[in-house]
Amino acid sequence: VMAVGLHDLSQSPTQYEQCLRSIGEIIQPYDRSGQFPVYGYGALLPQGGPTSHCFPLNVLDLEPFVTGVDGIVEAYRLAVDLVQMDGPTYFAPFLREVCGMVQQQVAQGVLKYFVILILTDGVIHDQQDTIDQLVWASRLSISVVIVGVGRGDDGGFERMDALCVEDGDDPLKASDGTIQEHDNVQFVEYDKYRCISQTALAREVLEELPEQLVFYMRSRGIRPPNMPPVPPQLAVSAQIINSNSPAQQIAQDYSRCVPGPDAHWVPDEASSLCAGCGAEFSTFRRRHHCRRCGQLFCSACSGQERPVPGLQLHEMVRVCDFCVLILNREAAIGQPSGLRV
């Protein structure tokens, strides 16, 4: 259950209210509609019934969507005044609700990327169920940002850290053995950054989102507007990428569906735009091939070098930023592949 002291309305603004406004002002510009679905968890509602682990924060009409940061804060203050905090604290029910909503939109062809923002005091009683939902979310257009408020459970946020994969860590594993497709979860300790500056807080909240978004879009062959189409020989099977197979099996499936080494190299004349940032090539912005996927990039989008064991390239070679993420993930699961996207 969330610590009641953090929601003490006599201390205005409460710590949660400060966090909602600070983080809300950071993410609000990225949604042009200004409409945000906001849910609470771990409370007894005024309508009665058992403890609810997923309820619209606007508890009077049970409508999840509110307008702007002011609407979020208003709904929060109303909920704190009307509900009774109760445990245990479960994350999985509201993650399941949002993942289901996103999956429906994807099935309808809606092209949006979603960020789930979770505010918590660090208490959680359904760790494995939550991991199951985070693994599911890694196969959808979803990033999850967990923000710790206060001092954490027993003086720390170790349980939140356990939900996040750092460089070199094994990916999360669901109870059915499914492996997290990519790192889609980030934890930020609010108190650590709010005392520095809003800029520092914004940098920490947004730090991993661009890579996560690019990974999802590019792994599914989704390109920005006005970008040249992906050559047929480079297209990745949507059926495979959307499967529920463990990451190791997906890697094996990829290696069966891609062509031989001569087919994946994109000719210089095939594109005048960088496949990463979309910038136009010129005398001063030269083309560079990624030695793993074979696509054309500017130097800014292909400035790193890695060996590519799946293509028998054991020396350090130029690779694009996206393939760096893939290679890091292959190293984490211990199975290099010749995947070319």
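It should be noted that the structure appears before, not after, this text.
Residues numbered from 1 in each chain as written. Predicted model: local features only at pLDDT ≥ 70, side-chain atom pairs only at ≥ 80, totals over all residues. Heavy atoms only, no water.

Q: Looking at this structure, I do not really get the sheet that holds strand β7 (residues 114-120). What am I missing?
A: An order of β7-β8-β9 is seen for the three strands of this open sheet, with the pairing classed as parallel. Edge positions in the sheet fall to β7 and β9 (185-189), since each of these pairs with one other strand and no more. The sheet shows a mean angle of 20 degrees between the axes of neighbouring strands, direction not considered. Pairing geometry for β7 and strand β8 (residues 142-148), over seven bridges, is parallel. In the strand pairing of β8, Phe114 is matched with Ile142. Lying on the sheet, helix α7 (residues 198-206) is in contact with β8 and β9; it crosses β9 at an angle near 160 degrees. (Pairing = 2+ DSSP bridges. Helix = DSSP H or I, 4+ residues; strand = E, 2+ residues; numbered from the N terminus. Axes fitted to C-alpha atoms, helices over the stretch in contact; angles between N-to-C directions. Contact = heavy atoms within 4.5 Å.)

Q: Help me out: how do you make sense of the packing of aromatic side chains in this one?
A: Aromatic ring pairs are defined here through the distance separating the ring centres and the angle between the ring planes. One pass over the structure, following the stated rule, counts five aromatic pairs. Aromatic pair Tyr41 and Phe91: ring centres 5.5 Å apart, planes at 75 degrees, arrangement edge-to-face. Here Tyr41 is found in the loop between β2 (39-40) and β3 (43-44), whereas its partner Phe91 is found in the loop between β6 (84-85) and α3 (92-107), with 50 residues between them in sequence. Residue classification places Tyr41 among the buried positions, given a relative accessible area of 7%. Residue Phe91 is classed as buried on the basis of its relative accessible area, which comes to 1%. Ring plane angle 45 degrees and centroid distance 5.7 Å describe the contact between Phe91 and Phe94, whose orientation is recorded as tilted. Each member of the pair, Phe91 as well as Phe94, is classed as buried. Three or more aromatic residues link up through ring pairs in this structure, and these residues are Tyr41, Phe91 and Phe94. (Phe/Tyr/Trp six-rings, centres within 6.5 Å; stacked < 30°, edge-to-face > 60°. Buried < 20%, exposed > 50% of the residue type's maximum accessible area, 1.4 Å probe, protein only.)

Q: I keep staring at the packing of α3 against helix α4 (residues 127-137) and nothing clicks. Help me out?
A: A pair of packed helices is characterised by two quantities: the angle between their axes and the separation of those axes. Running from amino to carboxyl end, α3 crosses α4 at an angle of 15 degrees, the nearest separation of the two axes being 9 Å. The pairing of α3 with α4 is recorded here as roughly parallel in orientation. Along this stretch, α3 crosses α4, giving a crossing that reads as left-handed. Taking contact as the criterion, the partners of Ala92, Leu95, Arg96, Cys99, Gly100 and Gln103 in α3 are, on α4, Asp129, Thr130, Gln133, Leu134, Trp136 and Ala137. A breakdown of the residues in the contact of α3 with α4 according to their chemical character gives six nonpolar, four polar and two charged. (Parallel < 35°, antiparallel > 145°, perpendicular 65-115°, else oblique. Left-handed = near helix turned anticlockwise from the far one by under 90°. Nonpolar A, V, L, I, M, F, W, Y, C, P; charged D, E, K, R; others polar.)

That's the geometry; what it means functionally is another story.
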